[in-house]
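Analysis of the macromolecular model
Read off the chains here:
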Amino acid sequence: MTDAVLTRLAGLFGELLPADAVITDPVRLRTYDCDGLTYHRATPGIVVLPDTAEQIAAVVRLCDEYGVPFVARGSGTGLSGGALPRTDGVLIVTSRMRRILEIDLQNRRAVVEPGVTNLAITEAVRDQGYYYAPDPSSQQICSIGGNVAENSGGAHCLKYGFTVNHILGLEIVTPDGEIVELSADDPGYDLLGAFIGSEGTLGIATKITVRLSRMPEAVTTLLAAFTGIEAGGQAVSAIIAAGIVPAAIEMMDALAIEAAEAAVNCAYPQGAGAVLIVELDGPHAEVGHQFAEVERICRESGAFEIRVAASAEERAAIWKGRKSAFAAVGRISPAYIVQDGVVPRTALPEVLAGIDRLQEEYGIRVANVFHAGDGNLHPLVLFDDAVPGQGERAEAVSGRILDLCIEHGGSITGEHGVGVDKSRYMPKMFTEEDLDTMQLVRCAFDPRGLSNPGKVFPTPRLCGEVPGVRKGVHPLVESGRAEQF
Ligand SMILES: Cc1cc2nc3c(=O)[nH]c(=O)nc-3n(C[C@H](O)[C@H](O)[C@H](O)COP(=O)(O)OP(=O)(O)OC[C@H]3O[C@@H](n4cnc5c(N)ncnc54)[C@H](O)[C@@H]3O)c2cc1C
């Protein structure tokens, strides 16, 4: 893509959008050169900050006309490089689209713009006794558009399901610039389901209808401290085996606790080698009964201290350490990689033991934080980027952890997406034929491959190509429009 084309496009965007909504100044462009995964960086060719779906559609139509790739960006908190811009492309940022358009409590739904933050939805309906259930730890800042693209999860997704279970409809701009509605009620193929989790590769969500849930009658939160992670894991298995589905069941190991103490002084029990946070919600009678059972199981599994939150403040205090865990690790290590893998719950002890062995083998520390109930691990691989070779060793450990997840019947991502970072691992999970079949879906939405190219798939193909092992360099790679790993 030539600079002349980008300059021409910037001029055309200037006719469509307010003057301050088109950024071409090289210094300001650098603000957007990465998402939460700072390891991958690229300065976008142009950044636009539209106010409306019509503006997004007009920008996308021009990208289509000029054959220029575009990438959507919400709040940029993604951890897989999904919103990594293209130097030869346009970054479409939704942060000015923060209006809550409609709240319909009778039908338990709200219609919002894509830049609205996850937590803002709950804040808008909390006083009426409702909330939006999926709760990524980044919920104060991440956008609902980003949540849709990543099919984001959170601590409470064990009981309530992921983003896909809470989206009732979308308005999207297709990669050729058409505005289209997708609804959960549409007959035929589940196009809404296909779009959710597509990581920006099928178009841009411009309006989102979310399901609102009723606040539970009762909530009980407890924190159980164990001397080691194995005992905590045993408690998790026993709770689920007892037929209890907690709203959340989260675990942190000793190193993660150390980091949280250093950052937010969460005052978890002294000497804990692992803490388990269990939250139960529902009708009073059910929660009371289940709570007694969970407390018994934790004690029998070896918990040496159990704290129960008696108020909303005490609940927040218990959650404080867990919710801040990713950032907290910055207190005990100059740099770290947030990994995201998932394994069957029953494989957790073996995989954690495998991670221990990797720490020894590579001389790299790993802090473990995880959504224990659904086997979603977030190992935080610590390193010092000032020490030559440590970054590479940390990368190697991070990759070997994903190998462990695959070997144990799990997956390379539980909730953070594939993005640019994990596209190279896709062939470890899927055959060429699987990947080609997935690309057919992509081609149905985006035949020219302009919507967030270079993400998710390791080997981009043009639509209409015969599946099979590629011989030679792909034309998209040759033309610089896609990267090959
Ligand atoms: C401290 C921290 C904690 C986190 N905790 C969790 C967690 O508990 N659970 C979890 O699942 N994730 C978590 N994340 C990851 C991240 O917050 C989520 O993936 C979130 O959904 C990203 O939203 P965003 O607005 O920042 O998206 P961005 O990072 O801007 O973009 C993410 C992807 O979505 C695409 N995209 C953005 N907007 C749109 C749109 N309108 N239409 C189409 N595509 C779009 C982008 O192209 C990109 O591929 C965490 C991140 C951090 C930094």
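Residues numbered from 1 in each chain as written. Predicted model: local features only at pLDDT ≥ 70, side-chain atom pairs only at ≥ 80, totals over all residues. Heavy atoms only, no water.

1. Observations concerning the overall build of the protein chain
Looking only at helices and strands, one finds 17 helices and 19 strands in the protein chain. What you see for the protein chain is a C-alpha radius of gyration of 23 Å, in line with the 23 Å of a compact globule of 485 residues. Principal axes of the C-alpha set define a box for the protein chain whose edges measure 70 × 55 × 45 Å. Taken across its 485 residues, the protein chain has 57% of its residues classed as buried. Long-range contacts, defined as pairs at least 24 residues apart, comprise 70% of the intrachain contacts of the protein chain with a sequence gap of at least 6. A total accessible area of about 19,900 Å² is found for the protein chain, and carbon and sulfur atoms account for 52% of it. (Helix = DSSP H or I, 4+ residues; strand = E, 2+ residues; numbered from the N terminus. Rg over C-alpha atoms; globule rule 2.2 N^0.38 Å. Buried < 20%, exposed > 50% of the residue type's maximum accessible area, 1.4 Å probe, protein only. Contact = heavy atoms within 4.5 Å. Areas by Shrake-Rupley, 256 points an atom, 1.4 Å probe, with all protein chains shown as cover.)

2. Comments concerning the site of the ligand
Near the ligand there are 32 residues, and of these A72, T77, S138, S143 and S152 occur at the shortest range. Taking G76, its main chain carries an N or O atom lying 2.9 Å from an oxygen atom of the ligand. Expressed as a share of its isolated accessible area of 970 Å², the protein-covered part of the ligand is 94%. Broken down by secondary-structure element, the contributors of at least two residues to the shell around the ligand are strand 3 (70-73), helix 5 (144-150) and strand 10 (204-211). No other element matches helix 5, which puts five residues into the shell around the ligand. Looking at side-chain class alone, the shell around the ligand contains 10 nonpolar, 18 polar and four charged residues. (Near = heavy atom within 4 Å. Polar contact = N/O pair within 3.5 Å; in protein donor to acceptor, adjacent residues only side chain to side chain. Nonpolar A, V, L, I, M, F, W, Y, C, P; charged D, E, K, R; others polar.)

3. Considering the pattern of salt bridges
Within the structure shown, the criterion is met by 19 salt bridges. Residue K159 pairs with D281 through a salt bridge whose shortest N-O separation is 2.7 Å. Of this pair, K159 sits in helix 6 (residues 157-160) while D281 sits in strand 14 (residues 274-282), placing them 122 residues apart in sequence. Close ionic contact of R299 with E295 constitutes a salt bridge, the shortest N to O distance being 3.6 Å. A residue pair is termed a helical-turn pair when its members lie 3 or 4 positions apart in one helix, as R299 and E295 do in helix 10 (residues 284-300) at four residues. Classification of E295 as partly exposed rests on a relative accessible area of 23%. Connected via shared salt-bridge partners are R30, D33 and R41. (Salt bridge = Lys/Arg side-chain N within 4 Å of Asp/Glu carboxyl O.)

4. Structural notes on the sheet that holds strand 4 (residues 90-93)
Pairing is mixed across the open sheet formed by four strands, whose spatial order is 1-2-4-3. Looking along the sheet, the strands with just one partner apiece sit at the ends: strand 1 (22-23) and strand 3. In this structure, strand 2 (residues 46-48) lies alongside strand 4, joined through three bridges in parallel fashion. Looking at the pairing, I46 lines up with V90 of strand 4. Strands strand 1, strand 2 and strand 4 of the sheet are contacted by helix 1 (residues 3-16), whose axis makes an angle of about 15 degrees with strand 2. (Pairing = 2+ DSSP bridges. Axes fitted to C-alpha atoms, helices over the stretch in contact; angles between N-to-C directions.)

5. What about the UniProt feature "domain: FAD-binding PCMH-type" (unreviewed entry) in the protein chain?
The UniProt entry lists residues 40-215 under the feature "domain: FAD-binding PCMH-type" (unreviewed entry), expressed in the numbering used here. When the span residues 40-215 is considered, its composition is 22% helix and 25% strand, and the gap between its end C-alpha atoms is 40 Å. (UniProt positions renumbered as here; feature names shortened; annotations may be inferred.)

6. Observations regarding the packing of helix 8 (residues 229-241) against helix 10
Helix packing geometry: the angle between the two helix axes and the distance between the axes. Interaxial distance between helix 8 and helix 10 falls to 9 Å at its minimum, and their mutual angle equals 145 degrees. For the pair helix 8 and helix 10, the crossing hand works out as right-handed. Across from A235, A238 and I239 in helix 8, the residues of helix 10 making contact are V294, I297 and C298. Among the residues forming the contact of helix 8 with helix 10, the class breakdown is six nonpolar, no polar and no charged. (Left-handed = near helix turned anticlockwise from the far one by under 90°.)

7. Quick look at the nonpolar core
Counting 45 residues, the largest nonpolar core has L276 and C298 as its most contacted members. Per-element accounting of this core gives the leading share, six residues, to helix 13 (residues 348-362). If near-sequence neighbours (up to four positions away) are discounted, L276 is found in contact with L222, L223, A224, F226, G232, A235, V236, I249, E250, M251 and C298. The next biggest cluster of nonpolar side chains, apart from the first, holds 32 residues, and it includes F13, L29, Y32 and V68. (Core = buried A, V, L, I, M, F, W, Y, C linked by side-chain atoms within 4.5 Å.)

8. Observations concerning the state of the cysteines
All chains considered together, the criterion is met by zero disulfides. Of all cysteine sulfurs in the structure, the one in C157 sits closest to C142, which takes part in no disulfide; the separation is 11 Å. (Disulfide = S-S within 2.5 Å.)

9. Observations regarding the pairing of strand 12 (residues 218-226)
For strand 12, the tally of buried residues reaches eight of nine residues, placing the bulk of the element in the interior. Here strand 12 runs beside strand 14; their pairing, made up of nine bridges, is antiparallel. Looking at strand 14, one finds that T221 is bridged to E279. Here four bridges tie strand 12 to strand 15 (residues 305-308), and the two strands are oriented antiparallel to one another. Bridging from a neighbouring strand, A224 pairs with I306 of strand 15.

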